[in-house]
Structure formats: C-alpha cells, structure tokens
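If you want the building blocks of each chain, they are given just below.
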Amino acid sequence: MKALFIAMFVGFSLVQEPEVFTLEATFIEYEDETFYFEDKDEKQYAFSSQNEVSKNQFDLTKGDFANKKFKIKYVVETEMDDDDEEYEVFKIISLELLK
C-alpha cells in the first residue's frame, strides 16, 4: 500500500503546469498564422496561437492593433514535428493593451 501511495505521489508531481512568461512588446503583424511582436530592444517574437479569451478582447488577426504595445503572458510548449524532432511553440494566453 505504501508503494502505491509513493507511485501515485510521484506520478502526480510529474504533471506540471507550464511556466507563464510575461513580455512587453509592440505588435508588428499577423502573417502565415503567426503573430509577430518586437520588444524595446528590437528582439522579435513569433507566437503560433492566441487563446480564445485574449482573442475575444484583442483579435490580432484583423490588423487593428498593428504598432500597439501589449503586455503579453505566454507559455512555451514543446511539440514534435513529422521527423520526431522537438521544437518550441510560443502561445499567447493573455494580452493587456498598454498606453
């Protein structure tokens, strides 16, 4: 019984929520199903998706927010391509329009 409890504890502790990152950047464009942003140091970021909650507030696919500055919360997930190679995918989970 003790071994089962330890195994369950280890199993549950391995399931982790993804780390949430925050960034302030200017929205550049939406092209080829990718959202492009640039921070104050001119570093560029490419996000592959925007969740429904943030899309309902700021639909970046329409182009109305080009050159607007946002506070972006996002996660980075690892996915596999067709050749079973891992790659990182940046996904927007919330947006706040900054002045």
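Relevant structure appears above.
Residues numbered from 1 in each chain as written. Predicted model: local features only at pLDDT ≥ 70, side-chain atom pairs only at ≥ 80, totals over all residues. Heavy atoms only, no water.

Asker: Mind showing me how you'd approach the packing of aromatic side chains here?
Answerer: Each aromatic ring pair is characterised by the separation of its centres together with the angle its planes make. A complete count under the given rule lists eleven aromatic pairs for this structure. Here the aromatic rings of phenylalanine 21 and tyrosine 74 are separated by 5.5 Å at their centres, their planes lie at 25°, and the arrangement is stacked. Here phenylalanine 21 is found in strand E1 (residues 20–31), whereas its partner tyrosine 74 is found in strand E5 (residues 69–80), with 53 residues between them in sequence. A relative accessible area of 31% means that phenylalanine 21 is categorised as partly exposed. Note on tyrosine 74: relative accessible area 8%, which makes it buried. Relative to phenylalanine 70, the ring of phenylalanine 58 has its centre 5.4 Å away and its plane inclined at 75°; by these criteria the two rings are edge-to-face. Residue phenylalanine 58 is found in the loop between helix H2 (52–57) and E5, and its partner phenylalanine 70 is found in strand E5; the two are separated by twelve residues along the sequence. Phenylalanine 70 shares its class with phenylalanine 58; the two are buried. Counting every residue linked through ring pairs, the aromatic cluster contains Phe21, Phe27, Phe37, Phe47, Phe58, Phe65, Phe70, Tyr74 and Phe90. (Phe/Tyr/Trp six-rings, centres within 6.5 Å; stacked < 30°, edge-to-face > 60°. Helix = DSSP H or I, 4+ residues; strand = E, 2+ residues; numbered from the N terminus. Buried < 20%, exposed > 50% of the residue type's maximum accessible area, 1.4 Å probe, protein only.)

Asker: Looking at this structure, how should I read the sheet that holds strand E4 (residues 49–50)?
Answerer: Sheets are built from strands that pair by backbone hydrogen bonding, the pairs being arranged parallel or antiparallel. One open sheet holds the six strands; their spatial order is E3-E2-E1-E5-E6-E4, and the pairing between them is mixed. Lying at the two open borders of the sheet, with one neighbouring strand each, are strand E3 (44–47) and E4. In this sheet, strand E6 (residues 86–97) lies alongside E4 in parallel orientation, the contact comprising two bridges. Note on E6: the bridge partner recorded for serine 49 is lysine 91. (Pairing = 2+ DSSP bridges.)

Asker: Whenever I open this one, unusual backbone geometry confuses me. Can you help?
Answerer: With glycine set apart, most residues show a phi of negative sign, and most peptide bonds adopt trans. A positive phi is found at aspartate 32, a non-glycine position, where the angle reads about 50°. Looking at the element boundaries, aspartate 32 is found in the loop between E1 and strand E2 (34–38). Accessibility expressed as a relative area gives 66% for aspartate 32, which makes it exposed.

Asker: Sorry, what's going on with the side chain of aspartate 39 here?
Answerer: Assignment of secondary structure puts aspartate 39 in the loop between E2 and E3. Despite its burial, aspartate 39 pairs with no opposite charge; the closest candidate is lysine 43, at 6.2 Å N-O. Engagement of the side chain of aspartate 39 in a polar contact is seen with the backbone nitrogen of lysine 43, the distance being 2.8 Å. Ignoring sequence-local partners within four residues, the contact set of aspartate 39 consists of Leu23, Glu24, Ala25 and Tyr45. (Lys, Arg positive; Asp, Glu negative; His and termini not counted. Salt bridge = Lys/Arg side-chain N within 4 Å of Asp/Glu carboxyl O. Polar contact = N/O pair within 3.5 Å; in protein donor to acceptor, adjacent residues only side chain to side chain. Contact = heavy atoms within 4.5 Å.)

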